[in-house]
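Breakdown of the fold
For reference, the chains in residue letters:
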Amino acid sequence: MSQVSSIKIQDFTLWQKMDAKRALYSFDLDLTARCNLNCRHCYINLPAGDAEAKARELSLKEIADLADQARELGAMWCLLTGGEPLLRADFNEIYMMLKRKGLLISLFTNATLIRPEHIELFKKYPPRDIEVTIYGASVESYERVTRRPGSFSQFVAGIDALFSAGIRVRLKAMALRSNLQDMEAIAAFGRSRTKDFYRFDPQLHLRYDRDPLRNEEIRSERLTPEEVVALEQADTERFGLLLKGCDELINEAYTRHGCDHLFHCGAGKGSCSIGYDGTFRLCQSLWAPGTTVNLRETPLREAWEKLVPAVRDMRSKDERFLNSCRKCPIVNLCLWCPAHAYLETGRMDGETPFLCAVAHARAEAIENAKIP
């Protein structure tokens, strides 16, 4: 059993001692958990035709009300994500409603459902940016990941339409077992289309619903720590940035001796996430019990001003954690955080061997590169 201590949202003592007036600058909004693809590594997707999931989705009216509440707290920017946001039949209405409220809008999409009406909308009312993930640079590698025949041609048509319209698009990639051999081609594909932004992510985290079969599939798609580092070293720009910032990434000053707080990250600092069913979270990945609240029952202001500081004050009594992860000087090379720890282990102060191994492999590569 976890030894993490928790504080109920009704316990006002702690948050009253903190600055309850701090601003909410941005929020992520999952429009749906449904997706037209079935990617091997996905941490949230449900089938496009999942009627139960669709029924739980926030309505246009509910989203408008939450947007008003967020604006009252100071929010200026909203990220629309999913699932695949364009599966929503009312996507254009949601987008324009948020625009009319003065919010900057970013969008995460797989681009396979881009239609002329979306291009017209984005040209007339441009988003801050759109991020699209490249799962492969060929039909074979792309559809090995998405498991949807025809999805590669739809993806290419979608991003080409966006670029042709002059819409700002950022491209990214996930490095998986299923597309590892194609990563060089994926990078070339991405960089040939945008000089502005391209990145790849080699670390996969587990499902929010903790589905054991899907989680096993995600684990099978993870690269080994050695493969992660080799991939990063092959990208001279990326690894150069690691070397440039190594004094900040590997630093004894970041150890937390004598501190039992779980949260030292940016969760709940100026931003939050709202799930497709109204679940409030401090960040996209934090789903642990006692850290969420349903905004269909609780006002956003109450969640922001009471739950957030209560969660950020959560502590651990686990001596093993306090003497390992909490004191680690290479924590900034690691994806360990209370959210990922919960997804990996079922407890927010759990140790995550895989994430730890990747961090140590990175640290070794950095140290070796510094040797003349």
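In this report, the structure presented in the accompanying data block is examined.

The rules behind these values
Residues numbered from 1 in each chain as written. Predicted model: local features only at pLDDT ≥ 70, side-chain atom pairs only at ≥ 80, totals over all residues. Heavy atoms only, no water. Axes fitted to C-alpha atoms, helices over the stretch in contact; angles between N-to-C directions. Helix = DSSP H or I, 4+ residues; strand = E, 2+ residues; numbered from the N terminus. Parallel < 35°, antiparallel > 145°, perpendicular 65-115°, else oblique. Contact = heavy atoms within 4.5 Å. Nonpolar A, V, L, I, M, F, W, Y, C, P; charged D, E, K, R; others polar. Buried < 20%, exposed > 50% of the residue type's maximum accessible area, 1.4 Å probe, protein only. Arc of directions from axis to C-beta. Pairing = 2+ DSSP bridges. Expected span 1.5 Å × (residues − 1). Core = buried A, V, L, I, M, F, W, Y, C linked by side-chain atoms within 4.5 Å.

**Remarks on the packing of helix α4 (residues 91–100) against helix α5 (residues 116–124)**
Relative orientation and spacing of two packed helices are given, respectively, by the angle between their axes and the distance between those axes. The contact between α4 and α5 brings their axes to 11 Å, and the two run at 5 degrees. When the interaxial angle is binned, α4 and α5 end up roughly parallel. Contacts between α4 and α5 involve Phe-91, Asn-92, Tyr-95 and Met-96 on the former and, on the latter, Glu-117, His-118, Leu-121 and Phe-122. Grouping the amino acids of the contact of α4 with α5 by side-chain chemistry returns five nonpolar, two polar and one charged.

**Quick look at unusual backbone geometry**
A cis amide bond links Gly-82 with the next residue in sequence, Gly-83, at an omega value of 15 degrees. Residue placement: Gly-83 occurs in the loop between β4 (77–81) and α4. Positive phi, normally seen in glycine, also occurs at Ala-111, with a value near 75 degrees. Here Ala-111 is to be found in the loop between β5 (104–109) and α5.

**Here's the deal with α5**
Among all positions of α5, only His-118, Ile-119, Leu-121 and Phe-122 are buried. Taken around the axis of α5, the buried residues stretch over an arc of 160 degrees, which confines them to a single face. Opposite the buried face of α5, at more than 90 degrees from it, the exposed residues are Pro-116, Glu-120, Lys-123 and Lys-124. Structurally, α5 contributes buried residues whose contacts are with α4, β5, β6 (129–134) and α7 (151–164).

**Here's the deal with the sheet that holds strand β1 (residues 26–30)**
An order of β8-β7-β6-β5-β4-β1-β9-β10-β11 is seen for the nine strands of this open sheet, with the pairing classed as mixed. The sheet terminates laterally at β8 (198–201) and β11 (293–294), the two strands that pair on one side only. Note: strand β7 (residues 169–174) against β8, four bridges, orientation parallel. Residue pairing in the sheet places Met-174 in a bridge with Asp-201 of β8. Sheet strands touched by helix α13 (residues 300–312): β9 (271–274), β10 (279–281) and β11. Its angle to β10, the strand with the most contacts, is close to 40 degrees.

**Concerning helix α3 (residues 60–72)**
Look at α3: 18 Å from first C-alpha to last across 13 residues, which is about the 18 Å you get at 1.5 Å a residue. Those residues of α3 not exposed but buried are Ile-63, Ala-64, Leu-66, Ala-67, Gln-69 and Ala-70. Along its buried surface, α3 packs onto β1, α4, β9 and α13. Of the residues flanking the end of α3, it is Gly-74, one or two places downstream, whose phi is positive at about 110 degrees.

**Quick word on the nonpolar core**
Counting 113 residues, the largest nonpolar core has Leu-80, Leu-98, Phe-122 and Phe-280 as its most contacted members. Here this core gets eight residues from one element, more than from any other, and that element is helix α16 (residues 353–370). Residues in contact with Phe-280, not counting those within four places in the same chain, are Cys-272, Ser-273, Thr-291, Thr-292, Val-293, Leu-295, Leu-300, Ala-303, Trp-304, Leu-307 and Val-308.

That's the geometry; what it means functionally is another story.
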